[in-house]
Amino acid sequence: MSVPALRLTDVKKSFGPTAVIMGVSLDVAPGSRHAIIGPNGAGKTTLFNLISGRFPASGGRIELHGRSIDGLPPHEINRRGLSRSFQVTSIFPRMTVFENIRCGLLWSRGYKYSFWHLVGGQRVLNAAAAQLLADVNLEARRDVPAGLLTYAEQRALEIGITIAGGADTVLLDEPTAGMSRSEADHAVALIRRITAGKTLVMVEHDMSVVFDLADVVTVLVYGQVIASGPPAEIRANRAVQDAYLGAPAEVS
Amino acid sequence: MEVLLVSLLNGLVYGMLLFMLASGLTLIFSMMGVLNFAHASMYMLGAYFAFSVSRVIGFWAALVVAPILCGILGALIEMYALRRVHRNGHIAELLFTVGLAFIIEKATQMAWGLLPVPYRVPPVLDRALFHVYGSNFHAYRGFMLLISILMFVAIWLLLTRTRIGLVIQAALTHPEMVGALGHNVPRVFTIVFAGGSVLAGLAGVIGGNYLVTEPSMAATMGPIVFVVVVFGGLGSLAGCFIASLIMGLVQTFAVVIDVSLADLLARLGIQVTSATPLAEVLTMPLPRVGALLPYLMLILVLLIKPRGLMGTRDT
Amino acid sequence: MSEGAVRTAAQPLAAGGAAAFLRRQWPWLAALVFALVVPWFSFDWSTGRHSGFIVSMLSQIGISIIFALSYNMLMGQAGLLSFGHAVFLGLGGYVTAHVVNATKGGALPLPLELTPIAGALGGLAFAVVLGYFATKQRATAFAMITLGIGELITSCALMFQTFFGGEGGVSTNRMTGRSLFGVGYAAPIQVYYLIVAWTALSVVAMLLLTRTPLGRMANASRDNFERAQFVGYDPRMVRFFQFALSGAFAGIAGALYTLTYEIVTYDTVAGPMSANALLMTYIGGVGVFAGPVVGAVLIVLLQSWVSLLSNSWLVYAGVLFIMMVTFAPMGLTGLVMMHQPIWRAGRLGRLIGPYLRLLGPALLVLIGFVLAVELCSFLTIGAAQGKSFTLSRITIDPRGARPWLVAGLLLVGGGLWLRVAMRGFGAAWNAVTEEVKTTGTRA
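This structure is a prediction, so every number in the text was calculated from the model and none was measured. (Residues numbered from 1 in each chain as written. Chains lettered and ligands numbered in written order. Predicted model: local features only at pLDDT ≥ 70, side-chain atom pairs only at ≥ 80, totals over all residues.)

### Quick look at the overall build of chain C
No. 1: Within chain C, the regular secondary structure consists of 17 helices and four strands.
No. 2: Relative to the compact-globule value of 22 Å for 443 residues, chain C shows a C-alpha radius of gyration of 24 Å, a close match.
No. 3: On the principal axes, the C-alpha backbone points of chain C span a range of 70 × 65 × 50 Å.
No. 4: For chain C, the proportion of its 443 residues judged to be buried stands at 45%. (Helix = DSSP H or I, 4+ residues; strand = E, 2+ residues; numbered from the N terminus. Rg over C-alpha atoms; globule rule 2.2 N^0.38 Å. Buried ≥ 20, exposed ≤ 12 C-beta atoms within 10 Å, placed from the backbone.)

### Considerations on the interface of chain A and chain C
No. 1: Listed by partner, the interface residues are 31 residues for chain A and 28 residues for chain C.
No. 2: Of all elements in the fold, only α2 (74-79), β6 (82-84) and α3 (97-106) of chain A reach the threshold of two or more residues within the side of chain A that touches chain C.
No. 3: Taken together, the residues of the side of chain A that touches chain C break down into 16 nonpolar, 11 polar and four charged. (Contact = placed C-beta atoms within 7 Å. Nonpolar A, V, L, I, M, F, W, Y, C, P; charged D, E, K, R; others polar.)

### Re the domain arrangement of chain C
Residues and elements named next belong to chain C.
No. 1: Under the domain assignment, chain C is made up of domain 1 (2-318) and domain 2 (340-442).
No. 2: Of the residues lining the interface, four residues belong to domain 1; the matching set on domain 2 comes to four residues.
No. 3: Taken together, the residues of the side of domain 1 that touches domain 2 break down into one nonpolar, three polar and no charged. (Domains from an automatic or database assignment.)

### Quick look at the interface of chain C and chain B
Put simply, an interface is often sized by how much accessible area is lost when its parts join up.
No. 1: If you look at the interface, chain C gives 34 residues, while chain B gives 38 residues.
No. 2: Breaking the side of chain C that touches chain B down by element, the ones donating at least two residues are α6 (139-159), α13 (313-327) and α16 (352-385) of chain C.
No. 3: In terms of residue count, the dominant contributor to the side of chain C that touches chain B is α6(C) (12 residues).
No. 4: For the side of chain C that touches chain B, the class distribution of residues is 22 nonpolar, 10 polar and two charged.

### Examining the pairing of strand β9 (residues 216-221) of chain A
The two faces of a sheet get side chains in turn, since along a regular strand they alternate between them.
Residue and element names in this part refer to chain A.
No. 1: In terms of burial, β9 is largely enclosed, as five of its six residues are buried.
No. 2: Pairing geometry for strand β3 (residues 33-37) and β9, over four bridges, is parallel. Residue pairing across strands places I36 opposite T218, the latter belonging to β9.
No. 3: In terms of strand pairing, β9 meets strand β10 (residues 224-229) through five bridges, oriented antiparallel. Opposite V221, over in β10, you have Q224 as the bridge partner.
No. 4: Linking β9 to β10, which pair antiparallel, is a turn of two residues; within it Y222 sits at a positive phi near 50°. (Pairing = 2+ DSSP bridges.)

### A word on helix α9 (residues 217-232) of chain B
No. 1: For α9(B), with 16 residues, the first-to-last C-alpha span of 23 Å sits near the 22 Å given by 1.5 Å per residue.
No. 2: Backbone geometry just after α9(B) places B:G233 at a positive phi near 100°. (Expected span 1.5 Å × (residues − 1).)

### Remarks on the packing of helix α5 (residues 115-134) of chain C against helix α10 (residues 235-261) of chain C
Between two packed helices, the angle of one axis relative to the other and the distance separating the axes together describe the packing.
Residue and element names in this part refer to chain C.
No. 1: Put simply, α5 and α10 touch, their axes get as near as 6 Å, and they point 145° apart. Pair α5 / α10 crosses with right-handed handedness.
No. 2: The residue inventory of the contact of α5 with α10, partitioned by class, reads 18 nonpolar, nine polar and no charged. (Axes fitted to C-alpha atoms, helices over the stretch in contact; angles between N-to-C directions. Left-handed = near helix turned anticlockwise from the far one by under 90°.)

### So, helix α3 (residues 59-86) of chain B
Working note: α-helix, 3.6 residues per turn, so residues spaced by three or four point in the same direction.
No. 1: Between the first and last C-alpha of α3(B) there are 37 Å, a value that for 28 residues agrees with the 40 Å anticipated at 1.5 Å per step.
No. 2: Along α3(B), the sharpest kink reaches roughly 40°, centred on B:E78. (Bend = angle between axes of the 7 residues up to and from the residue.)

### Points about unusual backbone geometry
Residue and element names in this part refer to chain A.
No. 1: Phi at K112 is positive, roughly 45°, even though this residue is not glycine.
No. 2: At E174, a residue that is not glycine, the phi angle is positive and equals roughly 50°.
No. 3: Relative to the helices and strands, E174 resides in the loop between β7 (169-173) and α6 (181-194).
No. 4: Classification of E174 as buried rests on a count of 21 C-beta atoms within 10 Å.

### Topic: the sheet that holds β7(A)
Residue and element names in this part refer to chain A.
No. 1: Reading across the sheet, the six strands line up as β6-β7-β8-β3-β9-β10 and stay open at both edges, with mixed pairing between neighbours. What marks the edges here is a single partner per strand, and that holds for β6 and β10. Here the average twist between neighbouring strands, direction ignored, is 15°.
No. 2: Relative to β7, β6 runs parallel, the two being bridged by three bridges. When the bridges of β7 are listed, L82 appears paired with T169.
No. 3: Set on the sheet, helix α9 (residues 238-245) makes contact with β3, β9 and β10; between it and β10 the angle comes to about 125°.

Structure (structure tokens):
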């Protein structure tokens, strides 16, 4: 493969004496859809936090498009093209839906810390925000304060904000958590559509979503990778079945 | 040399007094996340209560009664006001304690007047204990040291030997976890808040007649105590202890060392004249800048090492 | 919440031009007209002079509005609690004083109308330097750093002569003879109109700032700094820019202060001045842009009138502040905003009765409290000053038992009655809000 979008080399993380991630190595090919699965407490979200710079790794290297991002602050990593969503929905609750999306666009459109542009009058910016709003099917809720949306709507909004900045590597942390079957199906369709052409890495517990969406699945157990490969391979892997998936049930 | 020794002793005494004040605040801040601006107000009330009580039943009774009054007041404030404000968030809590400190100062002015009150050291202690290089070591300072050490031992025993002490220790570093484990956290909070108030009140009882008892004593002492708490670090009483002693020594020595930056520069061969830019700043002698030191230290600690000396959590 | 108000005002010219603009912004325009006209209500036609007290109070209101709004750029918009905001007002004032003195001496041909620019630049410069350090932290640590900075600068202002003039401060004379409109500025009323102009300018500027990328991201970082990071913003830089700009506006207020009082002393940078900003902004309400304006007007009015009658203004201010923090952290404008959905549903009339029933007991408690405070004050402080407690020719002796009993009775009795009335009010409020919610969903 050419330069992987994301490469983890022997990444370790300990909190005090407790080792949470113990030497994880991972390559994510550009444009691929990569799922990370594993039992609770395996360290999946911690891994995301390490990649996105929320806290520093205790060892190993993390590279984005071949350049090291070790020790960079989160906003710096974001500006290099990596964006993420959070396990607990992370949006701007007091702003309207439209404002949320617009904020997601500001930096990538070059506004930086400008205090001399009035956002209301920025035609290109507002058109792009409106388009994104339509992409996540939230046009009808445009002027509603984001904190008042339903859970599924908030998740959709968060995905919208996540990709607004044009990041080419997107990390989604349990995007369908807490959703009903139909809501999850809608979310998956949205994710598929909206991350077309981008590199997607997601943590998921819902196996149907994983096997539906992912090209590559990595299984993380107790801070270590025990298997990585195409979904069918993973499904049949004995070690994975023992640790997490379970064997197909026998009907007697 | 004698100046050094005398200042060392004085600094130690002052540092222990600071520890009495700062330990309560560290406990409250670490456990409840509230930076209690009204903590130094308890110090002030302790001194004033002792003044009024000692005029009726004597200093030794006041030594017991005044801190208890402060403790009761602290418990009432925590139970009926702070808990309500807690719902509105950390900033609201902080602002509440700011407003409370302000009101207590005004109430003190109204109750006892604007001028310092003649809260004196009890006559039996008002003499020299021993001589050091020609200066007297005042007996009252020895008494202050004694009380501080006794209190320190009492806290240490309480925290390490009692059940409630263990809970408090745990809640110092992991308050949410303690609640999740089923302990009656609100009751622990009330006890800690009241306990902190008792300590502050006690510091006021023994410090008020040593220093001066006036309505602005809380505003003067407050920032110094904040520096100690931040410097020592959240979640660590040991750090608080060390920081208190350092602060006490720094403040005592600063008054004694009559040196300015210009003097230091002269040692390096650089002369500062009235024409030099910032001459005023450079020629200012240390004792005059003494009042500034706590604030400078506060800013520096928060910028350089916000966790303080031995802190386990961030401010 | 301010979102709605901000957004509706964001498309002034786009939707319907001047007429629509007037319809949406009429409160501000009305306030401006009122500010221009109000000194004439107290004009003494026989002597041809304005009431000195009124003009002075109005000038103070103008300065306070700018100061409080600049403070809310930090508190309400960026979520930063600062205990040292007066530093920038004072430093802006000191810079302006030196600039005006230089103008008088002929070194600087600056018209007086433009001197607040010096204040703005002074405030900006110091805010950049001090803010660089302060904004490295946020929340409690930031608040404590600003506390340290405030006290540090206050001590410097007392100690150093060259820039601060030590304890005596820096005096200046605003009649520099240089003016854009040929005005002499001998009369306070002329300074007042200059203040009105600069206040209007500052209000518009700060309002527009809330609609810029920086303003939006300040709100965003306040609400969720992690998400702000993941849209590419460094929250520290957002804090820094917001801090610097708020310092600039505080500097304008400081400049106007210098022009009004013609002297700047250390108390313009000290704690009580910073506390004033906090008081005005918080009581007015931090969630609405106009909140600090309301707070500034109210506090200056109260302070001016209460100080005429009593020594204990600060006590009342402190109690008011604590009441707001405990029961109404959203401030006065926030409280008004809470009534908006009820008003829209046309059910506001239902609350008139419950409010009236609160009025009686509330008044009793208030009178009892004021009585108690004044009695205390006259007992200790007043006695030392040789003053006696007189209420329209009746002298009340604080040493007797009767006034205390009356105060106690009012407090306790009124308090108990208030509790009952509050419960009734709460029930009425809940009932009305429920109704509004259900009819809302039906509609």
